[in-house]
Structure formats: C-alpha cells, structure tokens
Amino acid sequence: MRRAFLLVLVAAFGLAACTPAPEPARLGPDGKPLPEIFEISDRDVSRIQFRMLDSVNALRSASGLPELGYDIRLNAAAETHARDMSVQNRPWHFGSDGSSPIDRAQRAGYPGQLLGENISETYEDDVTTLAAWMKEPATRDVIMDPKARDMGFAWFQEPNGKIWWTLVTGGPRKVPGGTS
C-alpha cells in the first residue's frame, strides 16, 4: 500500500513538472508591462458586435432610454473608418479623404441623421473600450443620446494586436421646420 502511494506521489510530481511555467510579463522599453493582446478571429465578429449592442442597450435601458437597433449601413460606415484610422495611424474623426462621420454615413446609404461617433485606438477588448467611453462625458453622450435609435459598431485589428474601434449612432432625419 505504501509503495503504491509513493508511486502515485512520484507520478504526480512528474506530471506537475511537465506543466509549463507561467510566462514572465513582457515589458516595453519604458519598463512597464505590455498590454495583453485581445485577438479577434473571424468567428468572433457577430458575437462581439451583438455583445456591444446588448451592453449599450442595457446601459440605455437602465437610464430609461430607448434601445438601439443594429444598422448595417452605420456598421459599414464604422468599419470603413476603423480601417482608415489604421491606415492613417491616428485616431481621429476625419477620413484620409477628408470625409466626416456624416459623409461616411451618407455614403453608406444611411437614411437617418448621424448623431455621433466614438473612436478608440487600443489593445483592449470591446467591453473595456465601452467602459472607457462611458467614463468620458463626450463619448458617453454619444452612447446615451436620447435621439439615437440606430447603432453601427466595427473595428480593424492590426497584425500586432492594436484595435481601432468605431461606434456610430443615428436617429430620424431632421425635417426642416419639423420636430423630428
């Protein structure tokens, strides 16, 4: 019995020795840890898009605001801009062709009024990015705009893991002299 116990104990230690040691934190030139890379695969696309929509709608619902619908035209405008920000290597609201968020929504065929655009350059995931947007009044206002009814959300991930996120919201087109 004792011999069997010793054999099991030796086998357990042997197996434990086979597990790889945790990798040390990778440090950047400034000595700070490099960010964890959030890798997005093709099969993650719809899951991430609808997780963002559900998260935004939960925040809006908690504030008594109407839920947003996912709009493929706004999504196309967001995707175009996310990719273009990567090409320009800077997070800003204007395209390399001088286009504005309104121009991109119109080009994509969105019939409503573009209300806002949030952008981010990060290595972090979508949930962390949404949390950061909610901390800043200007980006929070885009998400919580009571006039918003539609949302587009897209990103472009570079081979190094950097992600360029874009979220746009829209609502009914203003009618000159009208109330909508």
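As the structure is a prediction and not an experimental result, all values here were calculated from the model.

What counts, and at which threshold
Residues numbered from 1 in each chain as written. Predicted model: local features only at pLDDT ≥ 70, side-chain atom pairs only at ≥ 80, totals over all residues. Heavy atoms only, no water. Phe/Tyr/Trp six-rings, centres within 6.5 Å; stacked < 30°, edge-to-face > 60°. Buried < 20%, exposed > 50% of the residue type's maximum accessible area, 1.4 Å probe, protein only. Pairing = 2+ DSSP bridges. Helix = DSSP H or I, 4+ residues; strand = E, 2+ residues; numbered from the N terminus. Contact = heavy atoms within 4.5 Å. Axes fitted to C-alpha atoms, helices over the stretch in contact; angles between N-to-C directions. Core = buried A, V, L, I, M, F, W, Y, C linked by side-chain atoms within 4.5 Å.

A. Here's a closer look at the packing of aromatic side chains. Scanning all chains against the criterion turns up 5 aromatic pairs. Considering the side-chain rings of Trp92 and Phe94, the 5.6 Å spacing of their centres and the 65° angle between planes classify their relative orientation as edge-to-face. Look at Trp92 and you get partly exposed, because its relative accessible area is 31%. On the accessibility criterion, Phe94 (40% relative accessible area) is partly exposed. Seen in terms of ring centroids, Phe153 and Trp155 are 5.7 Å apart; in terms of plane orientation they differ by 50°. Their pairing is tilted. The two residues Phe153 and Trp155 agree in class, both being buried. An aromatic cluster of three or more residues is present, and its members are Phe153, Trp155 and Trp165.

B. Structural view of the sheet that holds strand E1 (residues 69-70). Strand order in the open sheet made by the 4 strands is E1-E3-E4-E2, with mixed pairing throughout. Two strands bound the open sheet, and with one partner strand each, they are E1 and strand E2 (113-122). Relative to strand E4 (residues 163-171), strand E3 (residues 150-157) runs antiparallel, the two sharing 8 bridges. Note on E4: the bridge partner recorded for Phe156 is Trp164. Against the sheet, helix H3 (residues 72-88) touches E1, E2, E3 and E4, its axis set at about 30° to E3. Helix H5 (residues 126-135) contacts E2, E3 and E4 of the sheet and is inclined by roughly 115° relative to E2.

C. Up close: the nonpolar core. In terms of nonpolar packing, the biggest core is built from 19 residues, with Met52, Val56, Trp133, Ile143, Met151, Phe153 and Leu167 touching the most fellow members. Where this core is concerned, the elements lending two or more residues are helix H2 (45-62), H5, helix H6 (137-143), E3 and E4. Element by element, the count of residues in this core is highest for H2, at 4 residues. Dropping the residues within four chain positions of it, Phe153 is found in contact with Ile48, Gln49, Met52, Tyr70, Asn75, Ala78, Asp126, Trp133, Trp165, Thr166 and Leu167. Within the second largest apolar cluster, 7 residues are counted, among which are Leu74, Ala105, Tyr110 and Leu114.

D. Local environment of the pairing of E4. Taken across its 9 residues, E4 has 9 buried, putting it largely inside the fold. Neither face of E4 is left uncovered, since the one carrying Ile163, Trp165, Leu167, Thr169 and Gly171 and the one carrying Trp164, Thr166, Val168 and Gly170 both have all their residues buried. Bridge count between E2 and E4: 9 bridges; the pairing is antiparallel. Across the sheet, Leu114 pairs through a bridge with Gly170, a residue of E4. Linkage of E3 to E4, two consecutive antiparallel strands, is achieved through a turn of 5 residues, within which Gly161 is found at a positive phi near 100°.

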